[in-house]
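Listed below, chain by chain, are the residues.
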Amino acid sequence: MSAAAGRGKLTVVGQSLPMLGAHDKVSGRALYVSDLKLPHMLHAKILRSPYPHARIVHIDAERARRLRGVKVVLTGADTPRPIGAIGAHKDEHILAVDKVRHVGEEVVAVAAVDENTALDALELIRVDYEELPAVFDPEEALGPGAPAVHASGNLVREIRIDRGDVDAGFASAAVVHEATYQTQPQYHAPMEPTGAVATIDASGRLTVWAAVQSIHRNQLRLADALGLPTSRVRVIQPHMGGSFGGKLGEDSTHYIAARLALACGRPVRLLNTRLEDFLGVRARMAARIRLKMGVDPAGRITAKETWIHGDNGAYCGLSPEVILVIAARLDSLYRHRNVRTLARLVYTNNPPSGAFRGFGNPQMAFALESHLDVLAEQLGMDPLELRRRNSVQPGDTTIHGWSIGSCELSKCYEETAKRIGGPLRRRPRAPADGAPVAEGRRRGIGIAVAMHVSGARQAADWDGSNVVVKLTPDGRAVIICGEGDIGQGGPTALTQIAAETLGIPPDHVTVTPADTETTPFCFGPMASRLTLVAGNAVIKAAEGARRQLLSIAGQLLEASPEDLTIAGGAIHVVGAPDRRVTIAQACTAHIFRRDGEDIFARGTYDAPSVVADRKTYLGNVSAAYSFAVQAVEVEVDVETGVVRIIRIVAADDVGTPVNPRAVEGQIHGAIAQGVGYALFEGFALENGRLLNGNLADYPVATAASMPTPETVLVDGWEPNGPFGAKGGSEAPISPTAAAIANAIYDAVGVRITSLPITPDKILRALRERGGRRDA
Amino acid sequence: MSLPRHRLTLRVNGEEQELLVESRRLLLDALRDDLGLTGTKRGCEEGVCGACTVLVDGRHVRSCLLLALQVRDRAVTTIEGLAGDGALHPIQAAFIRAGALQCGYCTPGFIMTTKALLDARAALTEAEVREALSGNICRCTGYAHIVEAILALTEDTKR
Amino acid sequence: MRDFVFLEPRTMAEASGMLADHGDAARLLAGGTALVLLMRNRLASPSHVVYLGGVPDLDRIVIDDDGLRMGALATHAAIAAHPGIRARYPVIADTAGVVANPQIRNVATIGGNLCHGDPASDPPACLLALGARVRAVRGAAARDIALDDFFTDYYENALAPGEIVAEVFVPAPPPGARAAYTRFVTSAAESRPLVAVGVRLTLAGAACTEARIALGAVAPVPRRATRAETFLRGRTLTPDVVAEAASLAVADLDLVSDFRGSADYRRDVARVTVRRTLGRALGGAA
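The sections below set out a description of the structure shown in this document. No experiment lies behind these values; they were computed from the predicted model shown.

1. Some details on the state of the cysteines
If you walk through the whole model with that rule in mind, you get 0 disulfides over all chains. Summary of cysteine pairing: Cys138(B) is not part of a disulfide, and the nearest cysteine sulfur, belonging to Cys106(B), is at 3.9 Å. This cysteine, Cys115(C), is not joined by any disulfide, and Cys126(C) carries the nearest cysteine sulfur, 17 Å off.

Structure representation (structure tokens):
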């Protein structure tokens, strides 16, 4: 790590500066994909499958084609090339070919002069289906005689891990507990539904403005699916109205818009309705997790055995990667010696699953962190103490070969306990805030822990970032970067890192919009990689620009660059503030000279991680790991089962928080999604049909349903991070559901092992336990 | 097939506008597509998310559930009309200061709700603010910084 | 949304005439928060929409010795804020103040709410408990329909073709009456009640002389709990008596069961909610 990124006094990194683009957003000027209009633009609509599994016998679209205002109608016959990640499961098409495999699958696409005409056209299309037997449960889908969702069979991926001696581990345990946990599909619910605008130029070159997280990834995949050279496809990211993994581009929206534009030669805009967004995006995977764990009398985990069935749904996007995370990632949270895992990812006729903030960790965290509380109770140990005794420490190499660099879990535990008021062992307790509790209500406290990567090296063996820092003639900096912005504030952090490195004010730094035409290849914000991976690339580029700046200033001042410093918008000789040139003068002079050029420096960074072994899954996949501890106090109404969240304490180790208020905002948002995951969010599916595909029937957290979490960013420093920083957006979504489940148990003594924990489930459990008072 | 359009006059952000609209034109679409005021967003299409919130005669309403013809001759204020050119309204400034936005898609709706709220009542408790926001959904922030921004404004008005 | 002919009557008679002219193909538009949503989803595609917004005084709220008259176009927000209603019918103001969310309350009307007949709503159970009736007019003809008879099925009501609800009348409560309304939601993130309970108790000393208990959201239409009402009449309202009434109130309900809540769960919380609402009406915390 370079000196500039060292642990010195920081002036810009660590400041809670306003978010880049905030002014445009509060003024209504920020342009999202639905705000874009091109001359002569058409509007697209999609006819979707009403069946979970059916053969397409015949499509009659003639009447639709003849409707005035309809310009093009496409079916699967027009989209023969499979889509998906290059080298991975390519099991689907832009529009369904021969078969539909889930309700909502895209079957026919129409582009017309306006949306209403396109909708009218859909009503004129007749599709004859032959319904096929369908399967909705992953375990049933593996059974004999189960309907085959794909000809290749229903097993998508099987992961087997066996380390240490699990049987001996259980034999040496004082307490062994086994239980099954079930999680549900969770919808990202970004406020902006997915959409795209596509157009071609006179030569047929395609430009797509798409609400996607990763422009370069989607450029490659679009080109592949459309049979075009990569250079003939340009992807531009407008402002994005939330994503949380839902806009990684696994859905078909931008493909369809592009295909329609190619077919009719006119700009096409396709905006999903809210219901289509529910059906199209890849929800958090439902997982059934059977967990068996043993602990010795001192509370040390002796063995862990896990059986997982992941409901892939009808098509793979990133779900094969998600199942690996469910299976293995949280094993690096504790000092395991004996771990055995069998995870199966299975096709069903449910809507497809995929990436959602946390990427598999929330599922396993719910199971694991619920389970640890049961073990703690059986041992008679404080649940926090049980975790403390098993947690990984800085310098550890975990059972899966992860190198733990910075890890401030101890501080997180300490801060959480201090604020929530430990110890946490179950006992009658008054509310922590001293407020009176109404009759029929009980209070309880629960904690849970999770971790997350800061970037993850996948099969492509690259977890890098490429950026350019350019200085303009007036001495401002532009970061040319294709990582993009999904609204979480990543680019703001990059400007702070650049400003810190260059020695200029942060508001003198901007970031270009993400555009495959003009920015270097990037993966974009996922796997909490932006701050660490792109941040390190920005440091390198900014250092290069700084060197060029000092070199030209040295020539102008007739001084050695080593004797120069940057301060107050100028470069001067150390110890002689009068021997100075302004940054603007230096930048201008760098151009206007023989062989002159912009100050323009590239920075490339690739994380010091490895691709996990294909068979053993061993290997340090990330440069750094972040940790989140949460404690929740709930109040449960024992007569109705209703849970009210009273307090949430969140202690996070994100290394150096580059922008503390923004990090805090990430934690708040993650917790709100975690509260929904715990208590009320989830697809209501009936034979593959979504019954609650709108935000009235699928509630998400509102202001009135949330307290303000008390957040603590513990003091930390990540050696691999830019100025000590690591990721912070995903770890805090994972512990929330288990913390709430543990708090409910603490309050009323029932353990709910399936999400969401609805009042109905609590009331039934109370009745089964016989503890319910009649009305 | 096509039905007669209606001549519609209304005041938008202080300016008289005359539009020719179909009966089915939503106020949201009239603002966004006919007048180019795209700051008002389409979110849930169900009347729960509040991204489409605008003021009609000073009251905050959902423009996605109102026909344009229902606001004939009324005064509509959108996010674009909140402050003068280039300037920020104190609510907008407070949102930036508190970090009360991330992706920004819901932000115009929250700001319009806040405007109606603070115009009606100067002093509010945290619980009242949270209740008043029950018609606006933000999926990014968890609301804490939004509530903080609004409470800071109510303290400003008390002073 | 399919396009339609937008009609703007200036009088109720004109509006009735328009409805009669177009029969089932016409729909009446008040605030529009429900109808516009149905039309957008193409669940309703009327050829003619008759907009009541231009009929004068249809949002008037009048309180006199007989009771409270709320014009059909009075918005929930106007009802919630009305000083007279807040003073003399606080339960109506409080109920109006929790309908859906603030932006909806500023537009949606009491007449539209009742005519739409969505079971998962607040005002019907509250007003039913208070003995409200609607005044339906058609041309010069007018009749009163008690809310007991108004709701006939999901989204269906007793209005005859061409009839329009002009106002909602709530009779002045008898001396000694106490009312309460509870919306039960499974979480604060929910915008609609899973169970809605309105009660009005009339007490003479310790004895209950009349009880009106209405349950909404649990069945296709809001219903009076007549067995529980009969049981309470003449009794002293001890906690045991109240609990017994609550059990009776849910004993023979035809309960909705859906993804928002099973019939069993609805029965459980309906019973608890009736008991607690009776308790609140009595001034206790129950």
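2. Things to note about empty space enclosed by the protein
Considering all chains together, one arrives at 10 cavities of 30 Å³ or more under this definition. By volume, the largest cavity amounts to about 70 Å³. Lining the largest cavity are Pro185(A), Ala283(A), Arg284(A), Met285(A), Ala286(A), Asp311(A), Asn350(A), Pro351(A), Pro352(A), Ser353(A), Phe683(A) and Leu685(A). Partitioned by chemical class, the residues of the lining of the largest cavity number 8 nonpolar, 2 polar and 2 charged. As a volume, the second largest cavity reaches approximately 60 Å³. Broken down by secondary-structure element, the contributors of at least two residues to the lining of the second largest cavity are α3 (76-81), α5 (90-96) and α8 (123-129) of chain C. Tallied by class, the residues present in the lining of the second largest cavity amount to 8 nonpolar, 2 polar and no charged.

3. Let's talk about the interface of chain B and chain C
Contact with chain B, which involves 29 residues of that partner, is made by 24 residues of chain C. Summing the contributions of chain B and of chain C, the shared interface buries around 2300 Å²; its carbon and sulfur component is 55%. On the chain B side of the interface with chain C, the three residues burying the most area are Arg24(B), Leu65(B) and Gln70(B), jointly 26% of the side's total. Our count for the contact surface shared by chain B and chain C stands at 2 salt bridges.

4. A short note on helix α11 (residues 239-251) of chain C
All names here are of chain C. Here α11 spans 18 Å end to end across 13 residues, near enough to the 18 Å set by a 1.5 Å rise per residue. Residues Val241, Val242, Ala243, Ala245, Ala246, Leu248, Ala249 and Val250 constitute the buried set of α11. On its buried face, α11 sits against β13 (207-216), α10 (226-232) and α12 (263-281).

Rules behind the numbers
- Residues numbered from 1 in each chain as written.
- Chains lettered and ligands numbered in written order.
- Predicted model: local features only at pLDDT ≥ 70, side-chain atom pairs only at ≥ 80, totals over all residues.
- Heavy atoms only, no water.
- Disulfide = S-S within 2.5 Å.
- 1 Å grid on protein atoms, 1.4 Å probe; cavity = no way out; pocket = protein on both sides within 12 Å on 5 of 7 lines; lining within 4 Å.
- Points joined across faces, edges and corners; volume = space filled by probe spheres on them.
- Nonpolar A, V, L, I, M, F, W, Y, C, P; charged D, E, K, R; others polar.
- Helix = DSSP H or I, 4+ residues; strand = E, 2+ residues; numbered from the N terminus.
- Contact = heavy atoms within 4.5 Å.
- Buried area = accessible area lost by both parts, 1.4 Å probe.
- Salt bridge = Lys/Arg side-chain N within 4 Å of Asp/Glu carboxyl O.
- Expected span 1.5 Å × (residues − 1).
- Buried < 20%, exposed > 50% of the residue type's maximum accessible area, 1.4 Å probe, protein only.

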